[in-house]
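# Architecture at a glance
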Amino acid sequence: MNDKEVILAAMQRERDELHDKIMQVDRIIKRIKNVDYSNEISGDNTKQLETTIASKEPVKPVSISTSTDVKVQILRIFEILGKASKLSQIQNEFTKLTGSRYKIRDVVRGLQQSKILQMLKLIDSHRGILWVKKDWVRNGQLMDEYKPEGFDLFYQASNVIYE
């Protein structure tokens, strides 16, 4: 399988997923249109609307294409986690989503050298604590939406550096 075929296969999978999502939205729109709206909201109409909205098909579990590059998979995992994470958390998520036990430490280090990821560490320590995406850090501080629970209790901005 050459590069062109791989790209086309990946694009076709993406198109199929988007088509499924559009069809799901169309079904929801059709159900909502079938609900009888009136100026007086009755318990039956409200209940019917709630049932229509609740009957939305469950979202497919998050998956990662195993045919893509490991670096892309790691970056996708950071998007899924959405917060600063320990290497072990990233490894566990990678294993869970891909089924592979491939050790990602060197890949994460390579992304750090490429200035895509950064390691959060204490000023007086040589060991890293957490890994973050470079765009999650502004003015030398991790943005609030990417902080794990309890982050501010354990780490003060003046004691943390990003490498």
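Above this note sits the structure.
Summarised in this report is the structure supplied together with it. Fair warning: this is a prediction, and the values are worked out from it, not measured in the lab.

Moving on: the side chain of K121. Tracing the backbone shows K121 in strand 1 (residues 117-122). A distance of 3.1 Å separates the side chain of K121 from the side chain of E163, its partner in a polar contact. Excluding its chain neighbours within four sequence positions, the residues that come into contact with K121 are H126, R127, G128, I129, N159, V160, I161 and E163.

What follows is about the pattern of salt bridges. Using the criterion set out here, one finds eight salt bridges in the structure. Ionic pairing is found between E79 and K133, a salt bridge with its closest N-O pair at 3.9 Å. Highlighted residues: E79 in helix 3 (residues 70-81) and K133 in strand 2 (residues 128-133), separated in sequence by 54 residues. Judged by relative accessible area, which is 49%, E79 ranks as partly exposed. A salt bridge links K121 to E163, with the nearest nitrogen and oxygen atoms 3.1 Å apart. Highlighted residues: K121 in strand 1 and E163 in the segment after strand 5 (160-162), separated in sequence by 42 residues. Residue classification places E163 among the partly exposed residues on the basis of a relative accessible area of 42%.

When you tally the buried positions in strand 1, you get five out of six residues, the bulk of the element. Inspection of the sheet shows strand 1 paired to strand 2 by five bridges, in the antiparallel sense. Counterpart to L117 in the pairing with strand 2 is K133. Hairpin connection from strand 1 to strand 2: five residues lie between these consecutive antiparallel strands. Two strands pair when backbone bridges link them, and strand 1 and strand 5 are joined in this way by three bridges, in the antiparallel orientation. Paired with K121 across the strands is I161, a residue of strand 5.

The next subject is the sheet that holds strand 1. Here we have three strands laid out as an open sheet, ordered 2-1-5, and antiparallel in their pairing. Edge positions in the open sheet fall to strand 2 and strand 5, since each of these has one partner strand only. Between one strand axis and the next, the sheet turns through 25° on average, direction left out of account. The strands touched by helix 5 (residues 105-113) within the sheet are strand 1 and strand 2, with strand 1 carrying the most contacts at an inclination of about 95°.

Relative to each other, helix 3 and helix 5 sit at 85°, their axes nearing to 10 Å. Compared by their axis directions, helix 3 and helix 5 come out roughly perpendicular. Mapping the contact onto sequence places V70, K71, I74 and L75 in helix 3 and V107, V108 and L111 in helix 5. Residue composition of the contact of helix 3 with helix 5, by class: six nonpolar, no polar and one charged.

About the thresholds
Residues numbered from 1 in each chain as written. Predicted model: local features only at pLDDT ≥ 70, side-chain atom pairs only at ≥ 80, totals over all residues. Heavy atoms only, no water. Helix = DSSP H or I, 4+ residues; strand = E, 2+ residues; numbered from the N terminus. Polar contact = N/O pair within 3.5 Å; in protein donor to acceptor, adjacent residues only side chain to side chain. Contact = heavy atoms within 4.5 Å. Salt bridge = Lys/Arg side-chain N within 4 Å of Asp/Glu carboxyl O. Buried < 20%, exposed > 50% of the residue type's maximum accessible area, 1.4 Å probe, protein only. Pairing = 2+ DSSP bridges. Axes fitted to C-alpha atoms, helices over the stretch in contact; angles between N-to-C directions. Parallel < 35°, antiparallel > 145°, perpendicular 65-115°, else oblique. Nonpolar A, V, L, I, M, F, W, Y, C, P; charged D, E, K, R; others polar.

Interpretation in functional terms is not warranted from these geometric data alone.
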